[in-house]
Amino acid sequence: MSDLETFRAETAAWLEANAPQSIRGLPTSELTGTWGGKKETYANPDHKRWLDVAAEKGFTAPTWPVEYGGGGLSDAEAKVLGQEMARLKLPPPLIGFGLTMIGPTLLRFGTEEQKREHLPKITRGEIRWCQGYSEPGSGSDLASLQTRALRDGDHFVISGQKVWTSYADYADWIFALVRTNPKAKKQEGITFILIDMESPGVSVKPILLISGKSPFCETYFDEVRVPVANVIGQIDSGWTVAKALLGHERGMIADTFGGGGDKRGERSRFAVLAERYVGLDDQGRIADPLLRHEAVQNEMDAKAFGLTLQRTRDAARAGHQPGPETSMFKIYGTEINMRRHEIFVRMMGPQATGWDGPGYGEDETDLTKAWLRTRGNSIEGGTSEIQLNIIAKRALGLPD
Ligand SMILES: Cc1cc2nc3c(=O)[nH]c(=O)nc-3n(C[C@H](O)[C@H](O)[C@H](O)COP(=O)(O)OP(=O)(O)OC[C@H]3O[C@@H](n4cnc5c(N)ncnc54)[C@H](O)[C@@H]3O)c2cc1C
């Protein structure tokens, strides 16, 4: 038996013995996944059990080094772990911006002390992170940000406002961009810093959307004292760190929304919806040929895109840091996802028009809300227009 086959057998046996039965096969999404952190509530205690055993084994961050709470797995082993989890229809034990954004950034730019302080708390799901980039006057033109940090001995005193801070009301820490040098060129006076949300002077105000709920918050800093030791990278050179993190964010968005469709080997959502709302022909195909064509095209695009992402991940692990291709992936992945949801609601017809109340099942209103959520895909993590600008300049070398 090869080493990898032995690893597969051991992993399958471990998952079988340790993954609680009650979580197997449950759908997982941004809304239902385990984000961890001090404010996490576990409707099903088995989610917490699954998080704890997986974290103990290093399976919440399989490829991170063991000394920081990861599994120390090779790429090939991590792939096998993913396949074995898919076989048992297991949800990820932990999701969130710690694993996908600040963790990889700390691995690359953090000091040894910063890595040892923050990474194990991420992998154990003890601390939940949010992202403090956007401001009321600085979205696409992020480098114009105004939140100011004044040096006072071994602290910075931070004042200003962030906006669209997803899930700030549930987060324990925030990674933020602040202006440390107002006289320098705008990209050169920015510092990347980690802030404990419990620090005096931090306040969070959720933003209500038309749906009555929203992940968004406004986050205010009123003379918040933050140790200089919390700076990642160099003071005034945070733009480099910020851009690297955006690369991870765009890759994560592309992967989450567009990457390869269903990863858990379940029946295609298109097939399930078509059977229920559109009908199948006598060969078991979606009866409406136009919808069939669009559904199949979308599945094939997602599959091909998933393979492309996998190739890039393999190259990244071999040392090739992704560049402007993350912008291409962000656009393509989010377009696949938006198109997929358009097809879902067209298949559902009038059943996709409900919000709540009688006449609509919860699965139906959930899908309608998921469709509306996709409208943000072309905005979050940098808009599609901004990605096109990056591709034009950095990939194609076109003039400004
Ligand atoms: C679901 C979601 C989650 C988010 N979560 C977070 C978060 O957790 N933390 C955080 O900091 N931010 C978050 N954001 C904010 C997001 O990063 C910004 O909305 C985004 O960067 C765009 O900024 P803006 O909204 O200020 O739009 P603007 O920058 O005002 O842009 C308005 C329009 O003008 C276009 N435009 C602007 N400049 C150019 C240009 N140079 N060329 C061509 N077109 C241009 C844009 O494409 C857009 O269509 C989130 C947004 C969404 C939708």
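Located above this text is the structure these notes cover.
Parameters and conventions
- Residues numbered from 1 in each chain as written.
- Predicted model: local features only at pLDDT ≥ 70, side-chain atom pairs only at ≥ 80, totals over all residues.
- Heavy atoms only, no water.
- Helix = DSSP H or I, 4+ residues; strand = E, 2+ residues; numbered from the N terminus.
- Rg over C-alpha atoms; globule rule 2.2 N^0.38 Å.
- Contact = heavy atoms within 4.5 Å.
- Near = heavy atom within 4 Å.
- Polar contact = N/O pair within 3.5 Å; in protein donor to acceptor, adjacent residues only side chain to side chain.
- Areas by Shrake-Rupley, 256 points an atom, 1.4 Å probe, with all protein chains shown as cover.
- Pairing = 2+ DSSP bridges.
- Axes fitted to C-alpha atoms, helices over the stretch in contact; angles between N-to-C directions.
- Parallel < 35°, antiparallel > 145°, perpendicular 65-115°, else oblique.
- Left-handed = near helix turned anticlockwise from the far one by under 90°.
- Nonpolar A, V, L, I, M, F, W, Y, C, P; charged D, E, K, R; others polar.
- Salt bridge = Lys/Arg side-chain N within 4 Å of Asp/Glu carboxyl O.
- Buried < 20%, exposed > 50% of the residue type's maximum accessible area, 1.4 Å probe, protein only.
- Core = buried A, V, L, I, M, F, W, Y, C linked by side-chain atoms within 4.5 Å.
- Phe/Tyr/Trp six-rings, centres within 6.5 Å; stacked < 30°, edge-to-face > 60°.
- Lys NZ or Arg CZ within 6 Å of the ring centre and 35° of its normal.

Draft legend 1. Layout of the overall build of the protein chain. The secondary structure content of the protein chain amounts to eleven helices and eight strands. In terms of overall size, the protein chain behaves like a compact globule, its C-alpha atoms giving a radius of gyration of 22 Å where 400 residues would be expected to give roughly 21 Å. For the C-alpha atoms alone, the extent of the protein chain along its principal axes is close to 75 × 50 × 50 Å. In the protein chain, of all internal contacts separated by at least 6 residues, the share reaching a separation of at least 24 is 72%.

Draft legend 2. Looking closely at the site of the ligand. The local shell around the ligand holds 17 residues, among which Ser 134, Ser 140, Trp 164, Thr 383 and Glu 385 are the closest. Take Glu 385: an N or O atom from its side chain is 2.6 Å from an oxygen atom of the ligand. Bound to the protein, the ligand loses 65% of the 980 Å² it would expose on its own. A per-element tally of the shell around the ligand places helix 11 (residues 384-395) first, with three residues.

Draft legend 3. Broad picture of the pairing of strand 7 (residues 217-227). Across eight bridges, the pairing between strand 3 (residues 155-163) and strand 7 is antiparallel. Looking at strand 7, one finds that Val 163 is bridged to Glu 218. Bridge count between strand 6 (residues 202-206) and strand 7: five bridges; the pairing is antiparallel. Bridge assignment links Pro 206 to a residue of strand 7, and that residue is Cys 217.

Draft legend 4. Highlighting the packing of helix 7 (residues 269-278) against helix 10 (residues 362-374). Two elements in contact, helix 7 and helix 10, have axes separated by 14 Å at closest approach and are oriented at 125°. Taken together, the axes of helix 7 and helix 10 are oblique relative to one another. As for the relative orientation of helix 7 and helix 10, their crossing is left-handed in sense. Only Asp 363, Glu 364 and Leu 367 of helix 10 make contact with helix 7, whose side of the interface consists of Arg 269, Leu 273, Arg 276 and Tyr 277. Considering only residue class, the contact of helix 7 with helix 10 consists of three nonpolar, no polar and four charged.

Draft legend 5. How the structure looks around the packing of helix 6 (residues 238-258) against helix 8 (residues 289-317). Relative orientation of the contacting elements helix 6 and helix 8 amounts to 145°, with a least axis distance of 10 Å. For the crossing formed where helix 6 meets helix 8, the hand is left-handed. Of the residues in helix 8, those in contact with Ala 254, Asp 255 and Gly 258 of helix 6 are Ala 302, Phe 305, Leu 309 and Arg 313. Of the residues belonging to the contact of helix 6 with helix 8, the class tally is four nonpolar, one polar and two charged.

Draft legend 6. The arrangement of the pattern of salt bridges in detail. Tallying each qualifying case throughout the model produces 21 salt bridges. Close ionic contact of Glu 198 with Lys 38 constitutes a salt bridge, the shortest N to O distance being 3.7 Å. Separated by 160 residues along the polypeptide, Glu 198 in the loop between strand 5 (190-196) and strand 6 and Lys 38 in the loop between helix 1 (3-18) and helix 2 (45-57) bring together distant segments of the chain. Note on accessibility: Glu 198 and Lys 38 belong to one class, exposed. The network of salt bridges with common partners includes Arg 8, Glu 84 and Arg 87.

Draft legend 7. The arrangement of the nonpolar core in detail. Core analysis: the biggest nonpolar cluster contains 35 residues, and Ile 102, Trp 129, Tyr 133, Phe 175, Leu 177, Phe 192 and Leu 194 have the highest contact counts within it. For Leu 177, the contacting residues outside a window of four places in its chain are Gly 132, Tyr 133, Glu 135, Leu 142, Leu 145, Thr 147, Lys 162, Ile 190, Thr 191, Phe 192, Gly 238 and Ala 242. Listed in part, the 19 residues of the second largest apolar core include Cys 130, Ala 149, Cys 217 and Val 226.

Draft legend 8. Layout of unusual backbone geometry. Phi angles above zero are rare outside glycine, and Glu 223 is one such case at about 50°. Note that Glu 223 resides in strand 7.

Draft legend 9. Geometry of the environment of Lys 303. Along the chain, the position of Lys 303 falls in helix 8. A relative accessible area of 52% means that Lys 303 is categorised as exposed. Spatially, the C-alpha atom of Lys 303 lies 46 Å from that of Asn 181, the residues being 122 residues apart in sequence.

Draft legend 10. Summary view of the packing of aromatic side chains. Following the criterion strictly, the structure yields eleven aromatic pairs and no others. The rings of Trp 129, Tyr 133, Trp 173, Phe 175 and Phe 192 are connected pair by pair, giving a single aromatic cluster. Cation over ring: Arg 151 sits above Phe 156, and NZ or CZ is 5.7 Å from the ring centre. Sitting above the plane of the Phe 344 ring, Arg 269 keeps its charged end 5.4 Å from the centroid.

Draft legend 11. The arrangement of the side chain of Thr 34 in detail. For Thr 34, the position within the fold is in the loop between helix 1 and helix 2. Judged by its relative accessible area of 6%, Thr 34 is buried. Excluding residues that lie within four positions of it along the chain, Thr 34 makes contacts with Glu 40, Tyr 42, His 47, Leu 51, Pro 93, Leu 94 and Ile 95.

Functional significance is not addressed by these values, which are geometric in nature.
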